[in-house]
Every structure is written in C-alpha cells, then in structure tokens.
Amino acid sequence: MSETSFTPRVFSGIQPSGNLHLGNYLGALKRFVDWQEKDVETIYCMVDLHAITVWQDPAKLRHATRELCAGFIAAGLDPARSILINQSQVPEHAQLAWIFNCVARMGWMQRMTQFKDKAGKNAQNASLGLFAYPALMAADILIYHATHVPVGEDQKQHLELTRDIAAKFNHDYGVDFFPMTEPVIEGAATRVMSLRDGSKKMSKSDPSDASRINMTDDADAIAKKIRKAKTDPEGLPSEAKGLEDRPEARNLVEIYAAFAEQSVDQVLAELGGKQFSEFKPLLADLAVSKLAPISAEMSRLMDNQDEIDRILTRGAERARAITAPILRRTYDIVGMVPPVQV
Ligand code: AQP
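Only a predicted model underlies this, so the values are computations on that prediction, with no experimental measurement involved.

Draft legend 1. Quick peek at the overall build of the protein. For the protein, the count of helices and strands is 13 helices and five strands. On C-alpha atoms alone, the protein measures out to a radius of gyration of 21 Å, which is about the 20 Å that the 2.2 N^0.38 rule sets for 342 residues. Within the protein, buried positions represent 50% of all 342 residues. If you take every contact in the protein between residues at least 6 apart in sequence, the share linking residues at least 24 apart comes to 76%. When the accessible surface of the protein is summed, it comes to about 16000 Å², and 51% of that surface belongs to carbon and sulfur atoms. In the protein, the 40 positive side-chain charges and the 45 negative ones have mean positions that sit 4 Å from each other.

Draft legend 2. Highlighting the packing of helix α4 (residues 92-101) against helix α7 (residues 128-142). Between α4 and α7, whose axes approach to 8 Å, the crossing angle comes to 125°. Classified by the angle their axes make, α4 and α7 are oblique. Considering the relative orientation of α4 and α7, their crossing is right-handed. Each of His93, Ala94, Leu96, Ala97, Phe100 and Asn101 in α4 lies in contact with α7, whose residues at this interface are Ala132, Ala135, Leu136, Ala138, Ala139, Asp140 and Leu142. When grouped by side-chain class, the residues that make up the contact of α4 with α7 number ten nonpolar, two polar and one charged.

Draft legend 3. Region of the structure containing helix α11 (residues 264-271). For α11, the full list of buried residues reads Val264, Val267, Leu268 and Leu271. Here the buried residues of α11 occupy an arc of 95° about the axis, which is enough to place them on one side. Exposed and oriented more than 90 degrees from the buried face of α11 are Ala269 and Glu270. Along its buried surface, α11 packs onto α10 (247-260) and α12 (276-302). Following α11 by one or two positions, Gly273 adopts a phi angle in the positive range, close to 100°.

Draft legend 4. Inspection of the site of the ligand at higher detail. Residues in close proximity to the ligand total 21 residues, the closest being His21, Asp154, Ser203, Lys204 and Ser205. Here Gly23 contributes a backbone N or O atom positioned 3.1 Å from a nitrogen atom of the ligand. Taking Met202, its main chain carries an N or O atom lying 2.9 Å from a nitrogen atom of the ligand. Against a free-state accessible area of 640 Å², the protein chains account for coverage of 95% of the ligand. Elements with a contribution of two residues or more to the shell around the ligand: β1 (9-14) and α1 (22-36). Examining the composition of the shell around the ligand, we find that four residues originate from one element, α1, more than from any other. Classifying every residue of the shell around the ligand by side-chain character gives five nonpolar, eleven polar and five charged.

Draft legend 5. Focus on the pattern of salt bridges. According to the stated counting rule, one finds 22 salt bridges in the structure shown. Between Asp34 and Arg31 there is a salt bridge, and its shortest N-O distance comes to 3.1 Å. Taken together, the positions of Asp34 and Arg31, both in helix α1 and three residues apart, correspond to about one turn of that helix. With a relative accessible area of 31%, Asp34 lands in the partly exposed category. Given the relative accessible area of 12%, Arg31 is considered buried. Linking Arg328 and Asp332 is a salt bridge whose minimum nitrogen-to-oxygen distance equals 3.2 Å. In this pair, Arg328 and Asp332 are both assigned in helix α13 (residues 305-334), four residues apart and thus about one turn of the helix distant. With relative accessibility at 27%, the residue Arg328 sits in the partly exposed group. According to the relative accessible area criterion, Asp332 is partly exposed, its value standing at 36%. When salt bridges with common partners are traced through the structure, they connect Asp209, Arg212, Asp217 and Lys225 into a single cluster.

Draft legend 6. The arrangement of the environment of Ile185 in detail. Position of Ile185 relative to the elements: it lies in the loop between β5 (182-184) and α9 (219-228). Residue classification places Ile185 among the partly exposed positions, given a relative accessible area of 27%. Between the C-alpha atoms of Ile185 and Lys274, which are 89 residues apart in sequence, the distance is 30 Å. Leaving out residues up to four positions away in the same chain, Ile185 has contacts with Val151, Gly152, Glu153, Lys156 and Thr190.

Draft legend 7. Region of interest: the domain arrangement of the protein. When cut into domains, the protein gives domain 1 (9-190 + 304-334) and domain 2 (209-300). Of note, the centres of domain 1 and domain 2, computed from C-alpha atoms alone, are 29 Å apart. Taken together, the contact between domain 1 and domain 2 spans 15 residues of the former and 17 residues of the latter. When domain 1 packs against domain 2, close to 1400 Å² is buried across both sides, 72% of that on carbon and sulfur atoms. The three residues of domain 1 that bury the most area against domain 2 are Leu22, Ala74 and Ala188, which together make up 36% of that side's buried surface. For the pair domain 1 and domain 2, the number of links is one salt bridge. Lys30 is paired through a salt bridge with Glu261; the nearest N and O atoms lie 2.8 Å apart. Taken together, domain 1 and domain 2 are joined by three residue pairs in polar contact (both at pLDDT 80 or more). Listing elements by their share of the side of domain 1 that touches domain 2, those giving two or more residues are α1 and α3 (58-74). Its residues placed into classes, the side of domain 1 that touches domain 2 shows nine nonpolar, four polar and two charged.

The rules behind each value
Residues numbered from 1 in each chain as written. Predicted model: local features only at pLDDT ≥ 70, side-chain atom pairs only at ≥ 80, totals over all residues. Heavy atoms only, no water. Helix = DSSP H or I, 4+ residues; strand = E, 2+ residues; numbered from the N terminus. Rg over C-alpha atoms; globule rule 2.2 N^0.38 Å. Buried < 20%, exposed > 50% of the residue type's maximum accessible area, 1.4 Å probe, protein only. Contact = heavy atoms within 4.5 Å. Areas by Shrake-Rupley, 256 points an atom, 1.4 Å probe, with all protein chains shown as cover. Lys, Arg positive; Asp, Glu negative; His and termini not counted. Charge placed at Lys NZ, Arg CZ, Asp CG, Glu CD. Axes fitted to C-alpha atoms, helices over the stretch in contact; angles between N-to-C directions. Parallel < 35°, antiparallel > 145°, perpendicular 65-115°, else oblique. Left-handed = near helix turned anticlockwise from the far one by under 90°. Nonpolar A, V, L, I, M, F, W, Y, C, P; charged D, E, K, R; others polar. Arc of directions from axis to C-beta. Near = heavy atom within 4 Å. Polar contact = N/O pair within 3.5 Å; in protein donor to acceptor, adjacent residues only side chain to side chain. Salt bridge = Lys/Arg side-chain N within 4 Å of Asp/Glu carboxyl O. Domains from an automatic or database assignment. Buried area = accessible area lost by both parts, 1.4 Å probe.

What follows is the structure, given as structure tokens:
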C-alpha cells in the first residue's frame, strides 16, 4: 500500500432516506454511471448510517435501502463493474469515523451549512450524529483512499472538510497516508432546484411532493409536475445570460440540458424564443423518455429483493478487501496494539 501515490479510485454515496429524486439522479447517480464507463475502480454506497442522523422508521429504512440499490442498478450501475455497498455492512466506515471524530475540530463542524440547515433553530435538540456527519463522510471516502468523489454542488463544503481531515491526520502523525480527494462537481445540473421555489434545492425532505420529481414517479406524474412547475411570464431567452435572476426558468433549462447532454447555451440556441407553454411539454417528453425506463426497472428489481440483498452482501465482501487493510494501517499509525495469533 503506497503512502505517497494513490491509484485513481472513485467513491460516492446517497442516503436511503426515501424519495430518491431528479436532483440525486442528475447531480450524482448519472455521474456515477459516467465514471463507471471510464477505466477506473468505482465504489458506490447506500449510506444508511448517515440516514439515521435524523429519525428513520426501521422498516422504511430497510425498504428505502433496497429501493436505492434498485435505483443504482436501474440507472446503469453494474454490480460486476462497480462495487455496490450498504454502509452498515462495511464496519470500517464507522471505525475510521471515530478516529476522524478525534481529528476534526468542533469549530470546523460548527461552520457546516448543511448542519445549520438541517438542525434549524433547534440545534441543541439535533442528534450528535447529525453534527458529526461530515467526519463519517470523510471516513466513507478515505477508508478507500478514494481520489475522486462525484457529488452535487451542495456537498462541496463537506468535501473541503474531508481534505482538511486528511491533511490534519497526515500532519499530526507525520505521514502521507490519506489522499487529498478531488470533488467532481460537473454536468449541466449540479444543483437542481425545487419545482415550486427556485431558491430552494430539490430535496427528499421537502414536504411538498410537487417540489420534486421522484425516481419512482410514473410518466403521468412526471408530466404533471413539469406542467405545474413555477415559471415566470417571459419566454426562453436565446442565451444563458437571459436567465440571470430567473431561478425557476434557469432550473428547467438546466434540467433539459442535463437530459439532452447539451450545454445551456446549446439548448437556448435551439429553443430560445419559445414560451414555457411550448417548452414544458418538450421537457416533459424528454424527462419521461429518460426516467420512465429507470422507474420501471426499479419496480421490476424490487420484485426480487433477495437478489438485491445478495448483491449488497457480495459488494460488502469486495469492499472489505480494501477497507480492512487501510483501517489496520490507520490503527498502526495512531498507536493501537495489533491483535496476534493465539
Ligand atoms: N437538488 C440537488 N441537485 C443536485 N444534486 C443533488 N444531490 C442532492 N440533492 C441535489 C446530490 O445527491 C447526492 C446524494 O445526496 P444525499 O441523499 O446523500 O443527501 P442530500 O444532499 O441531503 O439529499 P437531499 O435530497 O437534499 O436530502 P434531504 O432532504 O434529506 O437533505 C449528493 O451527491 C448530493 O450532492
């Protein structure tokens, strides 16, 4: 295990907290598939230990974890080419997280905007796990010595903290053991916004179902949500700067661009001048053509949950071949006595 050069390796995860949505798909899942197609090792995780930082009904959590695995596969992840894992089945994530809890500083955590957003006004009543979330996320990534992490824009701050934790660990112990991971935030829709309010990101926990397109929505529901999406009275501009200060309009154009694999400028060169009454049906058709097959495949896969459980068990075995030696070496660096044969 080299401590100075790191082989490219991709890791990322999604919480199985239900309502997997278009933002998760365009910002994360679709990018995961792109990386799988490159000549690099890819590891993707259903981060159930993160999900329980806020209350989860146990039966719903189990269902959401299997459904998320079905979503990964339906979107194009191949368990033979990518390692697909359920975080709690690979105990080294939580073990390294404890070490990182002792490396990260309280002040760093207090600056995390996601904690402030999720804890809201009642931060004293938030779980300790929600506060420590970014240290577990750093462990998820660094237990694989992952070099690249594809995520949506909202995770940028957590990835900067991952680098801070790696740098402090390396510095405190005088080693070059953990890599400086690169966040990979790319594509036309790195921050998909709510369909009801262009100033809020599309989110699993938004109480309004109309605010998001769920990956389990059928064609009718997708088309209806796009038809009802908030817009402004103007039509589409012919270039991107015409979308400034028009968050709802920008959001719909970016979603279109991401599905069409075009830039926003390319979309506007073609469709600029159209009214939203003309654009929305085009967007709905495109979204349905991309999402309906994924949703159908998810429900087919959910009919065979034993197979999903086998995929996750095999994934965990493959993952632990990577994580166990990295944890062992971390413990050695920190000064823990290794077990011996008795
Ligand atoms: N709106 C979004 N646009 C682009 N990317 C997004 N991601 C999430 N929302 C958007 C990306 O999806 C990946 C997994 O996210 P997560 O489930 O781990 O957590 P999250 O970011 O907290 O997702 P939500 O939907 O916002 O959940 P709640 O409502 O529970 O907070 C990440 O790569 C994320 O960037």
